[in-house]
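Summary of the model geometry
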Amino acid sequence: DTPEVPKASKQRVTAKGKDVPAAVETFHELRDRYECPQLLLANLEKNGWKTPTGIQAYGVPILMEKRDVAAISPTGTGKTLAYLIPMISLLGTPISQSSSEDKGKGVRGLVLAPTRELAGQIYNECLKLCQGRKWRIVLYSKATAATLSNKEVRDKTDIIISTPMRLVASLKESKIELANVRHLILDEADRMLDAEFFPQIEEVVESCTHPSLQKAIFSATLPAGAEQVAMKMLKNPIRVVVGLKDT
Ligand code: ADP
Ligand code: MG
């Protein structure tokens, strides 16, 4: 574990876009403002995630308000939780425990990362955050993809964390559907939007056809080319940039 995660007060944050929501100073404000589930807050506490970092202080409210975001924040500043907290909060109830049909069938949360190793790290963070509720979270691999080719299993899955390559392979074989995805996150977006990955990302985005799809991209850096592509992909986005103070 890295103890030296910078607090928001030690960071310089700029957020640009229409109607930027106010940042939070504590995770508890998320409950008053957005009815963020108590269990999530308890899990944050339990894992030693006590004070929001800059990207969390700004990024979580933006995503909770269902806005698209392009978030740029250095490595080690807590980008993963910045998108997982709102995703889990907005999903509300695990599909297996949901009585209503209005959530539709199939995966509602999708996180893409450029490598299997990174996807695994995100998966572990997600499990910690979700402890105590029956969320079905799948780290997509050859093996789990095979399991999910069964529609019944797929329909009970809440969140998939995958590399683009693995997911596109399943899309091509019609072994996965993304029409019910409400939250699409591209992590390490500088790599995801480069020439190698972008065609795959486009395929995934085209398959996420739900009308209220929220898209977010997170990265430590975003070169001009990738930024242009990102802004074209996002709807009325807010752009958040985090830097350390006195750098
Ligand atoms: P990034 O994606 O920006 O490189 P990570 O999401 O991987 O950063 O987080 C880096 C480390 O900081 C992880 O060990 C994570 O658990 C920890 N962390 C995240 N948010 C907080 C927080 N608010 N307080 C303390 N530690 C945190
Ligand atoms: Mg990261």
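Residues numbered from 1 in each chain as written. Chains lettered and ligands numbered in written order. Predicted model: local features only at pLDDT ≥ 70, side-chain atom pairs only at ≥ 80, totals over all residues. Heavy atoms only, no water.

Going by the annotation in an unreviewed UniProt entry, the name recorded for the protein chain is RNA helicase, with Sphaerobolus stellatus given as the source organism.

Things to note about the overall build of the protein chain
From N to C terminus, the protein chain includes eleven helices and eight strands. By the compact-globule yardstick of 18 Å for 247 residues, the protein chain fits well, its C-alpha radius of gyration being 17 Å. Seen through its principal axes, the protein chain has C-alpha atoms that stretch 50 × 40 × 35 Å. Counting only residues that meet the buried cut, the protein chain has 50% of its 247 residues in that class. Sequence-distant contacts, at least 24 apart, represent 78% of the contacts inside the protein chain between residues at least 6 apart. Total accessible area on the protein chain stands at roughly 11,800 Å², and carbon and sulfur atoms take up 50% of it. (Helix = DSSP H or I, 4+ residues; strand = E, 2+ residues; numbered from the N terminus. Rg over C-alpha atoms; globule rule 2.2 N^0.38 Å. Buried < 20%, exposed > 50% of the residue type's maximum accessible area, 1.4 Å probe, protein only. Contact = heavy atoms within 4.5 Å. Areas by Shrake-Rupley, 256 points an atom, 1.4 Å probe, with all protein chains shown as cover.)

Points about helix α3 (residues 54–64)
Buried residues dominate α3, accounting for ten of its eleven residues. Taken together, the buried residues of α3 touch β1 (11–16), α1 (29–34), β2 (69–72), α4 (79–91), β7 (214–219) and β8 (238–244). Immediately beyond the C-terminal end of α3, within one or two residues, lies Lys66, with a positive phi of roughly 65 degrees.

A few points about the site of ligand 1
Near ligand 1, the surroundings consist of 17 residues, among which Thr51, Gln56, Gly76, Lys79 and Thr80 are the closest. Residue Thr51 places a main-chain N or O atom 2.8 Å away from a nitrogen atom belonging to ligand 1. Backbone polar atom of Gly76 to an oxygen atom of ligand 1: 2.6 Å apart, as the coordinates give it. For ligand 1, whose free accessible area comes to 570 Å², the fraction covered by protein is 80%. It is α4 that contributes the most residues to the shell around ligand 1, three residues altogether. Looking at side-chain class alone, the shell around ligand 1 contains five nonpolar, ten polar and two charged residues. (Near = heavy atom within 4 Å. Polar contact = N/O pair within 3.5 Å; in protein donor to acceptor, adjacent residues only side chain to side chain. Nonpolar A, V, L, I, M, F, W, Y, C, P; charged D, E, K, R; others polar.)

Considering the packing of helix α8 (residues 164–172) against helix α10 (residues 198–207)
Contact geometry of α8 with α10 gives a least axis separation of 9 Å together with a crossing angle of 55 degrees. Taken together, the axes of α8 and α10 are oblique relative to one another. For the element pair α8 and α10, the recorded crossing hand is left-handed. Contacts between α8 and α10 involve Pro164, Met165, Leu167, Val168, Leu171 and Lys172 on the former and, on the latter, Gln200, Ile201, Glu203, Val204 and Ser207. (Axes fitted to C-alpha atoms, helices over the stretch in contact; angles between N-to-C directions. Parallel < 35°, antiparallel > 145°, perpendicular 65-115°, else oblique. Left-handed = near helix turned anticlockwise from the far one by under 90°.)

A short note on helix α5 (residues 116–130)
End to end, α5 covers 21 Å across 15 residues, agreeing with the expected 21 Å (1.5 Å per residue, within 8%). For α5, the complete set of buried residues consists of Ala119, Gly120, Ile122, Cys126, Leu129 and Cys130. Contact partners of the buried residues in α5: α2 (38–46), α4, β3 (109–112), β4 (137–139) and β5 (159–162). Gly132 occupies a position one or two residues after α5 and carries a positive phi of about 100 degrees. (Expected span 1.5 Å × (residues − 1).)

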